[in-house]
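A look at the structure
Below are the chains, spelled out letter by letter.
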Amino acid sequence: MSERKVRVRFAPSPTGPLHIGGVRTALYNYLFARQHGGELVFRIEDTDSHRYVPGAEEYILESFKWLGIKFDEGVSFGGNHGPYRQSERREIYREYVDILLSSGKAYVAFDTPEELEAKRKEINNFQYDSHTRMQMRNSLTLSKEEVDQLMDDGQQYVVRFKVESGMDVHVDDMIRGDVCIKSDILDDKVLYKSADELPTYHLANIVDDHLMEISHVIRGEEWLPSAPLHVLLYRAFGWEDTMPRFAHLPLLLKPEGKGKLSKRDGDRLGFPVFPLEWEDPKTEEISSGFRESGYFPEAVINFLALLGWNPGTEQELFTLDELVQVFDITKCSRSGAKFDYQKGIWFNHEYILKKSDAEIAKQFAPIVANNGVDATMERVQTVVHLMKDRVNFVQELWPLCSFFFIAPTEYDEKTVKKRWKDYSGQQMAELSKVLGDIEDFSIEGQEPIVMKWVEDKGYKLGDVMNAFRLALVGIGKGPGMFDISSFLGKEETLRRLHTAIEILG
C-alpha cells in the first residue's frame, strides 16, 4: 500500500452551491496530495438526475479557482481516467452491476414503493436486509422464469447488494483508527435503478475510485456509515489490494447551540456559508458568499484549515504552501468543529495587515471612484496606509475615511456637544491663521509650529485638537490630526476650518 502513488479525489454533486464544509474537505484533500507528491482528481457525482441544478458545476469550479485550490485532472482539467462525470459512465457501471449479479453478490428487486411502505407499517424499523429479503419480491424469492417475465414486461427494478450476516467489517480510518461494524446492522443497499439506468452513489463511487486508482478517500464524517458497505463492495469485486485508506473528517458545527452548520445559521448570524454568492435558479433567492462579503481567499483557506485540525504549535497564520508542509491528516479531531465565524473575520483582518498598502489600495480604489471621487492611486494608498489597521474588510474603509476625500457637510451632534466649546470658534480662527503662515505643510512642517502656538497661548491641547478634528472630519474619530491636515493640504484644511467656524459658531 505504501508504494502506491497518492491519488485523492473531490467529488461534489451539482445540486446547488458548494457548502463551506465541502470546501474544507477539498482543501484537506489538496493538502494531503501536495504533501505526498500526489494528484488531486475532480469528479462530478451526478447520478441523481432529479436533484441536478443548472449552473452548480460551473459555480463549484469558479469557487476553487477563486480559492486557489488546483486540481490535477478531472472535469474541465482533462486526464487519462475520464470521463469524470458519472452521468457519462453509464456503460461502465452496467458492466460492474452484471459482474455482481452473475457472481451472486447482488440481486434484482421488483418491490414497488407501495409494497415497501406496507412492509414498513407491518415491521417496526423495517430494513431490507438478510433478515427480511426472503419476504420480499426479488430474484431470490421468485423463479428465473418469473424474473425474466417481469423484465420482458418492462417492470422497473433495482439491483441490491447482498450483505451477508454475521461478519465483522473493519474500516481502516486514518483519523479514527480501526472502526468495526457488524454486518447484521447493514441493509441491502440499492446499487442500480432501472428507472434512469444509473447507479446509486455507492456503486458509482467504488467503481470510479478503483478505476481512477484513488489511494486515499478523505471525506466528511457523514459518509462514515457508508464505509463498511464500500469495504464489502471492494471485497465483492476482489479488489482488496487496491482498497483506499479512509479518513472521515469531523463535521462543521453551528457557532452556537448543537448540530451541523447550516445556511440558516449564516442567515441568522450574518455570515456566509458558501464560497461565492449564489442565486437559486428556481426561487431567485440570493445567498451571500465569502468572496462578495469581502473575504480574501487566503484568509478563508487559513480559517478553514484550522477547523478540525491543529498544527500543535501557537502559529495561526499559514500560507497555502506552509499548510502543505505542516498538515497531518492523522492529527484531525474526531469530534466536530464549531464554526467560529468571528475567528474568520479576525483572519481577514490579519490578512489586511499582511498585504501591502498597494494591494489594498488596488481593491479600495474602485470603491472611492464609485463614490464620485477622482483620486490618484498614490492618494488612495496613503489613506489605506493610515486606516487599514482599523478594518476587517476593504469595503469598511469608505465609511471610516470618506472625509479624506469629501468634506463633512454636517457635524456629529454628540461630538459637537462634547468637543466644541464656547471658545472653540475663536481658537480655530487663530489656528487657521497659524496654519496659513506655514509654508511646509507636511506633518514635520506643521506639528512643531502648532504645538508651540498651543503652548505659548496656554491652551489645552485636547480642546484644540478635538475641535480641529471635528472641523476637518465631522466626528471625533480618525488618525493623527497632522496626518489628516497634511493629506488634505493647506487650502482644503483652511476651507474646512472656516466652514466649521461659520456653521458651529
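Since we're looking at a predicted model, the values are computed, not measured. Per chain, residues are indexed from 1 in the order of the written sequence. Residue-level local features of this predicted model are given only where pLDDT is at least 70; pairs of side-chain atoms are given and counted only at 80 or more, and the full residue set underlies all totals for whole chains, interfaces and linings. Only heavy atoms go into the side-chain values, all of them from the structure, while hydrogens and water stay out.

**Considerations on the environment of A299**
Checked against the element boundaries, A299 lands in helix α9 (residues 297-305). Burial classes follow relative accessibility: with a 1.4 Å probe on protein chains only, a residue under 20% of its type's maximum area counts as buried, one over 50% as exposed, and anything between as partly exposed. Its relative accessible area of 1% is what places A299 among the buried residues. Sequence spacing of A299 and N348 is 49 residues, and the spatial spacing of their C-alpha atoms is 5.3 Å. Beyond its immediate sequence surroundings of up to four residues, A299 is in contact with F347, N348 and Y351. Runs of E in the DSSP output that reach at least two residues are strands. Runs of H or I that reach at least four are helices, and both are numbered from the N terminus. When checking whether two residues touch, look at their non-hydrogen atoms; a contact exists if any pair is within 4.5 Å.

**Overview of the nonpolar core**
Among buried residues, the Ala, Val, Leu, Ile, Met, Phe, Trp, Tyr and Cys ones that are joined through side-chain atoms within 4.5 Å form a nonpolar core. The biggest cluster of nonpolar side chains holds 152 residues, and the ones touching the most others in it are F64, I329, F339, F364 and F404. Sequence-distant contacts of F364, defined by excluding residues within four places in its chain, comprise V380, V383, V384, V394, L397, W398, C401 and F405. Counting six residues, the second-largest nonpolar core is a separate cluster that includes Y107, L116, F126 and Y128.

**Regarding the domain arrangement of the protein chain**
Splitting the protein chain by domain gives domain 1 (87-249), domain 2 (263-352), domain 3 (355-404) and domain 4 (413-504). The partner domain 3 presents ten residues to the eleven residues of domain 2 that form the contact. The largest per-residue losses of area from domain 2 upon contact with domain 3 belong to F296, H349 and I352, which jointly make up 59% of the total buried on that side. By definition, a salt bridge exists where a carboxyl oxygen of Asp or Glu is found within 4 Å of a side-chain nitrogen of Lys or Arg. Here domain 2 is connected to domain 3 by one salt bridge. The shortest N-O distance in the salt bridge between K355 and E298 comes to 2.6 Å. Polar contact is defined as a pair of N or O atoms within 3.5 Å, subject to the rule that within protein one atom must be able to donate a hydrogen and the other to accept it, and that residues adjacent in sequence are counted only when both atoms are side-chain atoms. Our count for the domain 2 to domain 3 interface comes out at six residue pairs in polar contact (both at pLDDT 80 or more). When residues of the side of domain 2 that touches domain 3 are assigned to their parent elements, the largest contribution, five residues, is made by helix α11 (residues 341-354). The residue inventory of the side of domain 2 that touches domain 3, partitioned by class, reads five nonpolar, four polar and two charged. A domain assignment, automatic or from a database, supplies the domain bounds used here. Accessible-area loss on putting two parts together, using a 1.4 Å probe and summing over both, is the definition of buried area adopted here. Put simply, Ala, Val, Leu, Ile, Met, Phe, Trp, Tyr, Cys and Pro go in the nonpolar bin, Asp, Glu, Lys and Arg in the charged bin, and everything else, Gly too, in the polar bin.

**Let's talk about the packing of helix α13 (residues 377-387) against helix α19 (residues 481-504)**
Two elements in contact, α13 and α19, have axes separated by 12 Å at closest approach and are oriented at 175 degrees. Viewed along their axes, α13 and α19 adopt a mutual orientation that is roughly antiparallel. Residue-level inspection shows R379, T382, V383 and L386 of α13 in contact with α19, the latter providing D483, F487 and L488. Along the lines of polarity and charge, the residues of the contact of α13 with α19 split into four nonpolar, one polar and two charged. In this description, a line fitted to the C-alpha atoms serves as the axis of each element, helices being fitted only across the stretch in contact, and the angle between N-to-C directions of two axes falls anywhere from 0 to 180 degrees. Here the angle decides the label: under 35 degrees means roughly parallel, over 145 means roughly antiparallel, 65 to 115 means roughly perpendicular, and every other value means oblique.

**Examining a positive patch on the surface**
A surface patch of positive charge is lined by K418, R419, K421 and K460. For K460, the location among the structural elements is in the loop between α17 (443-457) and α18 (461-473). Only residues above 30% relative accessible area that lack a salt bridge enter a patch, with like-charged residues linked at up to 9 Å and the nonpolar side chains Val, Leu, Ile, Met, Phe, Trp and Tyr linked at up to 5 Å. Using a 1.4 Å probe, accessible areas were evaluated by the Shrake-Rupley method; residue-level cover was limited to the displayed protein chains. Only four residue types enter the tally: Lys and Arg on the positive side, Asp and Glu on the negative side; His and the chain ends are excluded. A single reference atom marks each charge: NZ on Lys, CZ on Arg, CG on Asp, CD on Glu.

**Looking at the pattern of salt bridges**
What the rule picks out here adds up to 38 salt bridges. One salt bridge in this structure joins E122 and K119, with 3.4 Å as the shortest N-O distance. With a gap of three residues between them, E122 and K119 both fall in helix α4 (residues 113-122), about one helical turn apart. For E122, a relative accessible area of 56% gives the class exposed. Among the ionic contacts, a cluster of salt bridges with common partners joins R9, R43, E45, R89, D208 and D209.

**Describing the pairing of strand β8 (residues 190-193)**
Here a strand pair is declared whenever DSSP counts at least two bridges between the two strands. By the bridge criterion, three bridges tie strand β5 (residues 158-161) to β8 in an arrangement that is antiparallel. When the bridges of β8 are listed, V159 appears paired with Y192. Counting the residues in the hairpin turn of β8 and strand β9 (residues 198-199) gives four residues, including E197, whose phi is positive at 55 degrees.

**Some points on unusual backbone geometry**
The phi torsion of most residues other than glycine is negative, and most of the peptide bonds are trans. For the bond running from G82 to P83, omega is -5 degrees, close enough to zero to count as cis. Within the secondary structure layout, P83 lies in the loop between β3 (73-74) and α3 (90-102). For S76, which is not glycine, the phi torsion reads 75 degrees and is therefore positive. Along the chain, S76 falls in the loop between β3 and α3. A positive phi angle is found at N125, which is not glycine, with a value near 50 degrees. Structurally, N125 is set in the loop between α4 and α5 (144-152). By relative accessible area, which is 77% here, N125 ends up exposed.

**Quick notes on the sheet that holds β8**
If you walk across this open sheet you meet the four strands as β4-β5-β8-β9, and the pairing is antiparallel. On the outer flanks of this sheet lie β4 (106-109) and β9, each paired with one strand and no other.

**Observations concerning helix α7 (residues 227-237)**
Of all eleven residues that make up α7, ten are buried, and the element is covered over most of its length. Taken together, the buried positions of α7 are occupied by A227, P228, L229, H230, V231, L232, L233, Y234, A236 and F237. Looking one or two residues past α7, G238 carries a phi angle of roughly 75 degrees, positive in sign.

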